[in-house]
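# Secondary and tertiary structure notes
Okay, here's what each chain looks like letter by letter:
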Amino acid sequence: MKGAVPALLICALLLVASVVAGGQNDKKSAKVEDVYAELGKAPEKARGRVNPLEKDAVAVAAGRLLFADHCAECHGENAEGGSGRKKGPSLRAAEVQNAAPGAIFWLLTNGVVRKGMPVWSRLPEPQRWALVRFIKSLGVAEGEPVPASRAAAKADKP
Amino acid sequence: MRCAWYFFVVFAAVCWSSLFVRPVAAQENPYFVTYDHYLEEPGNLEVECFSTYGTQRGGNNFHSFWTEFEYGATAWWTTEFYLDAQTTFHDSTVFTGFKWENRVRPLKREHWINPVLYVEYENTNGADKTLKEVVGHDGESDYLATNAEARREIAREMELKLLLSSTAKGWNFSENIITEKNLSNEPWEFGYALGVSRPLGLKAAAKRCNLCRQNIVAGLEMYGGLGDRHSFGLKDTSHYLAPAVAWNLPSGWTLRLSSGFGLNGNSHKLLMRWGVSREIEGFGDMVRRMFGGKP
């Protein structure tokens, strides 16, 4: 009976640890959802803006360099999401890839300061538009859940 | 001895940042005195070494230097630690103190004018000649004392600033309203700093290049004192106009140069400033790993 007490304590500790760790994971995915949700907050006028570099032959290449310099640190080299504490969400998710270029430009300009994404208005407008061109050129990553399935997965959670 | 310690810390920081860490291409403005509303990226550390060569009428010219360790605690809060020192020619080299500053961005989104709140604690001695801000009735004659005399005076000061900044069509316009209080029963002193800057090119190049126009940012600063609580205004104050340029290299280094010209008889005739800085990616994670934490 005496030996059961430490075992129970260890079990309880493991349970608490797993709950805490699980909670952190939930928190992380909730944060990612929150960041994606910011795209939906772009005003109509901003969303409707057309990328002036849409037909620019070098915009994607320029955007790739800008991405490596300023974005890859958090969003990963391939824009599929960063790792570690500075984990930025995947930019190859359907939420981003299906968003209007104007909405992505708006998000770059304003950041999501309370959730860790800095404002990037310090980059001149043509550079932000080049980044938008590059991000949109990536397409949805294979295996990336579409928003509906993401929502369903969330609903399935107890 | 304290000065040797200063040089050791600076040398170690520069060696460490250049050899062992992954740099980030920076996009810095050319200002030395004025602040814009952009904060350090969260988790990144920027190590900056700056110096000022100042002319001194009726005394010896000086060369002051300071190192800044600027850390992005969050996307809305940047904290910074300074170590200051100076050499007065034909006199001596002395360590002049430290400063700790915090900048907080209260608004979530970008606006026409973006405010940032700035709070700084300074623990410096009277030999401090960084002229990082000019307030109250600061003037050239304040810097005539020898280092031995000046360092006997200890100044513990709080500095509060309201930083206002706007960016449009590549131009940045920054206005800083400065108040400073010596904690030993001195009156509040006031000052200002204004800055305007723009990259020479707005479009990004498709290839990495050192001399691309978008890597070079030119600007102009104006700063000076506005008297104190008992005598607010321009009387007996000093003012400077300083063209400045920053060169953001793809390797992660930023070089800055500025020549400030005194605008009245109370001002130093020339304040020549230069600086080098480097931003280090993931510094916060590195420290957490050192102490056994999760990145």
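Now for a quick tour of the structure. Note that the structure is predicted; figures quoted are calculated from it, not measured. (Residues numbered from 1 in each chain as written. Chains lettered and ligands numbered in written order. Predicted model: local features only at pLDDT ≥ 70, side-chain atom pairs only at ≥ 80, totals over all residues.)

### A short note on the overall build of chain B
The helix and strand tally for chain B stands at three helices and 13 strands. Relative to the 2.2 N^0.38 estimate, which gives 19 Å for 295 residues, the radius of gyration of chain B is 19 Å and therefore close to what a compact globule would have. The dimensions of chain B, computed from C-alpha atoms along their principal axes, are 50 × 45 × 35 Å. For chain B, the residues scored as buried account for 44% of the 295 residues in total. Partitioning the contacts of chain B with sequence separation of at least 6, the portion at a separation of at least 24 is 64%. (Helix = DSSP H or I, 4+ residues; strand = E, 2+ residues; numbered from the N terminus. Rg over C-alpha atoms; globule rule 2.2 N^0.38 Å. Buried ≥ 20, exposed ≤ 12 C-beta atoms within 10 Å, placed from the backbone. Contact = placed C-beta atoms within 7 Å.)

### Remarks on the environment of B:F89
All names here are of chain B. With respect to the helices and strands, the residue F89 is situated in the loop between β4 (77-88) and β5 (93-104). Accessibility expressed as a C-beta count within 10 Å gives 12 for F89, which makes it exposed. C-alpha of F89 to C-alpha of E221: the two residues are 132 residues apart in sequence and 27 Å apart in space.

### Some words on the interface of chain B and chain A
Between chain B and chain A, the residue contacts involve 29 residues of the former and 27 residues of the latter. Grouping the amino acids of the side of chain B that touches chain A by side-chain chemistry returns 13 nonpolar, seven polar and nine charged. (Nonpolar A, V, L, I, M, F, W, Y, C, P; charged D, E, K, R; others polar.)

### Quick look at the packing of helix α6 (residues 101-110) of chain A against helix α7 (residues 125-138) of chain A
Residues and elements named next belong to chain A. Interhelical geometry of α6 versus α7 gives an angle of 125° and a closest axis separation of 9 Å. On the basis of their axis angle, the class for α6 and α7 is oblique. The chirality of how α6 crosses α7 is right-handed. The segment α6 lies against α7, with P101, I104, F105, L108 and T109 engaging R128, W129, L131, V132, I135 and K136. Looking at the contact of α6 with α7 residue by residue, the classes come out as eight nonpolar, one polar and two charged. (Axes fitted to C-alpha atoms, helices over the stretch in contact; angles between N-to-C directions. Parallel < 35°, antiparallel > 145°, perpendicular 65-115°, else oblique. Left-handed = near helix turned anticlockwise from the far one by under 90°.)

### Here's the deal with the packing of helix α3 (residues 59-70) of chain A against α7(A)
Residues and elements named next belong to chain A. It is at 7 Å that the axes of α3 and α7 come closest, and there the two elements cross at 95°. As judged from the angle between their axes, α3 and α7 are roughly perpendicular. Across the interface between the two elements, A59, V60, A62, G63, R64, L66 and F67 of α3 pack against Q127, A130, L131, R133, F134 and S137 of α7. Looking at the contact of α3 with α7, its residues break down into eight nonpolar, three polar and two charged.

### Describing the pairing of strand β6 (residues 114-125) of chain B
Residue and element names in this part refer to chain B. As defined by bridge partners, β5 adjoins β6 across eight bridges and the pair is classed as antiparallel. Each residue of the ladder has a partner; that of F98, found in β6, is N123. Where β6 meets strand β7 (residues 154-168), twelve bridges bridge the pair, whose relative direction is antiparallel. When the sheet's bridge partners are listed, V119 is paired in β7 with L160. (Pairing = 2+ DSSP bridges.)

Read these as geometric descriptors, not functional statements.
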